[in-house]
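As a plain string of letters, each chain reads:
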Amino acid sequence: MTKQNVVVADAKTGINMAITMAAVTGSSLFPTAAQRPPPVPGAYITISKKNLILQNLDMSSGARINAWVDSMRASSPTHVKASSIPSDDQNSWIVHHPSALDMFDQITSASKGKQIVMFLDYDGTLSPIVDDPDRAFMSEAMRATVRKLARYFPTAIVSGSFVRLAELYYAGSHGMDIKGPSKGSKYKKGGKAVLFQAASEFLPMIDEVYKSLLEVTKSTPGARVENNKFCVSVHFRCVDEKRWSELANKVGLVLEGYPNLRLTQGRKVFEIRPTIKWDKGKALEFLLESLGYANCADVFPIYIGDDRTDEDAFKVLRERGQGFGILVSKTPKDTNASYSLQEPSEVMAFLRRLVDCKRMSLRRHFRMRRRLEEIKMSLPN
Ligand SMILES: O=P(O)(O)OC[C@H]1O[C@H](O[C@H]2O[C@H](CO)[C@@H](O)[C@H](O)[C@H]2O)[C@H](O)[C@@H](O)[C@@H]1O
């Protein structure tokens, strides 16, 4: 294992900081195999293309609010029911983004001889989507599965603040708050924990905007504002659709005073964050680098996520031509992911199979090693 000091600079903000991190290399899923993997199925089709950064659209504030409300409606699951999608579209999408469970054998053979590194989104991926963000918990079974997974593969949770597993890496606030693991991971081994905050200078501004948003949204029943440290979420899941434009208006008015913040939209949530060039894709690259896989051909990152913000990470993997993304979705979506899973229970099934597969391969490996030693011992000197 190596320990490195790295200086990270962000050209736009001038943020410049030294990070001490532990870089480790682990064993691969199939320690004895060295063959190159076949290319991962990668084609994808375009269902619809939306502007993800809604704040920066060049238009009057009225038109901008209307665009936000249109986007709120379009992305709302009540408007995209699986049954309302023509079966041809559904079939074509699933052909291009097959189930990661159905393709499990192909996936593991593509990872042969490489180190799998796992990246997991939290909400909607490990925990089911619920009305109250404070109640978005992982089931005990999922928690146990993720813990086992982290024993066999370097594992990072990208966002999510409810997971209390000290052996994992975390990249909260859309990758802007990177920590861990604090203990118990063989991928840390005595080195200092990784720590990187890409937007620390924005903390006072985020705090201020959080308070303003809390104040202005008080009068909108069902609206919820969440302070996620480097970003603020304004939830509209429980707001009557008739009041969405009123809410968008209030948020827009507050943001007019903050040109250095941008607004993106997730699953019935507005996400307000610094305009710095940092996202889940950058966090993925940072973590790979801090694990010692920056220019390594033998790494196989797998990123599982359900949100628009996860697309940045899927795109990075596609561009690197390494590993792949898995989109958690029941309905066809425009995505850079290669595979799909329908819901957190399928994510858990996939993770369990990975763990089982790794265990079996290790058992085979050690059996073979013992056998070789026995043969060596039985040979005349
Ligand atoms: O990057 P992510 O981990 O996917 O975070 C995106 C947002 O996730 C959470 O909101 C979502 O899950 C909630 C709980 O199930 C649900 O009520 C909400 O409608 C979803 O958007 C989180 O609370 C937000 O802060 C994140 O921005």
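Treat the numbers as computed from the prediction; the structure is a model and nothing was measured. (Residues numbered from 1 in each chain as written. Predicted model: local features only at pLDDT ≥ 70, side-chain atom pairs only at ≥ 80, totals over all residues. Heavy atoms only, no water.)

Draft legend 1. Focus on helix α7 (residues 244-255). Relative to the 16 Å expected for 12 residues at 1.5 Å per residue, α7 spans 16 Å between its end C-alpha atoms, a close match to the ideal helical length. Within α7, burial applies to Trp-244, Leu-247, Ala-248, Lys-250, Val-251, Gly-252, Val-254 and Leu-255. At its buried positions, α7 is contacted by α1 (61-75), α6 (203-217), β9 (232-235), β10 (261-266) and β11 (269-274). (Helix = DSSP H or I, 4+ residues; strand = E, 2+ residues; numbered from the N terminus. Expected span 1.5 Å × (residues − 1). Buried < 20%, exposed > 50% of the residue type's maximum accessible area, 1.4 Å probe, protein only. Contact = heavy atoms within 4.5 Å.)

Draft legend 2. Main features of the pairing of strand β4 (residues 155-158). The alternating pattern of β4 places Thr-155 and Ile-157 on one face and Ala-156 and Val-158 on the opposite face, and all of these are buried. Both strand β3 (residues 115-121) and β4 contribute to a ladder of 4 bridges, which runs parallel. Across the sheet, Asp-121 pairs through a bridge with Val-158, a residue of β4. Handedness of the β3-helix α4 (residues 140-152)-β4 crossover: right-handed. As paired strands, β4 and strand β5 (residues 169-171) are joined by 3 bridges and run parallel to one another. Pairing of Ala-156 across the sheet is with Tyr-169, part of β5. (Pairing = 2+ DSSP bridges. Right-handed = clockwise from strand over helix to strand, strands pointing away.)

Draft legend 3. Expanded view of the site of the ligand. Around the ligand sit 21 residues, and of these Val-130, Ser-159, Arg-237, Arg-267 and Lys-280 come closest. Between an oxygen atom of the ligand and a side-chain N or O atom of Asp-121, the distance comes to 2.8 Å. At 2.5 Å from an oxygen atom of the ligand is found a main-chain nitrogen or oxygen belonging to Val-130. About the coverage of the ligand: the protein hides 97% of its 570 Å² of free accessible area. Put simply, the parts of the chain that give the shell around the ligand at least two residues each are β9 and β11. Class assignment of the residues belonging to the shell around the ligand gives a composition of 6 nonpolar, 6 polar and 9 charged. (Near = heavy atom within 4 Å. Polar contact = N/O pair within 3.5 Å; in protein donor to acceptor, adjacent residues only side chain to side chain. Areas by Shrake-Rupley, 256 points an atom, 1.4 Å probe, with all protein chains shown as cover. Nonpolar A, V, L, I, M, F, W, Y, C, P; charged D, E, K, R; others polar.)

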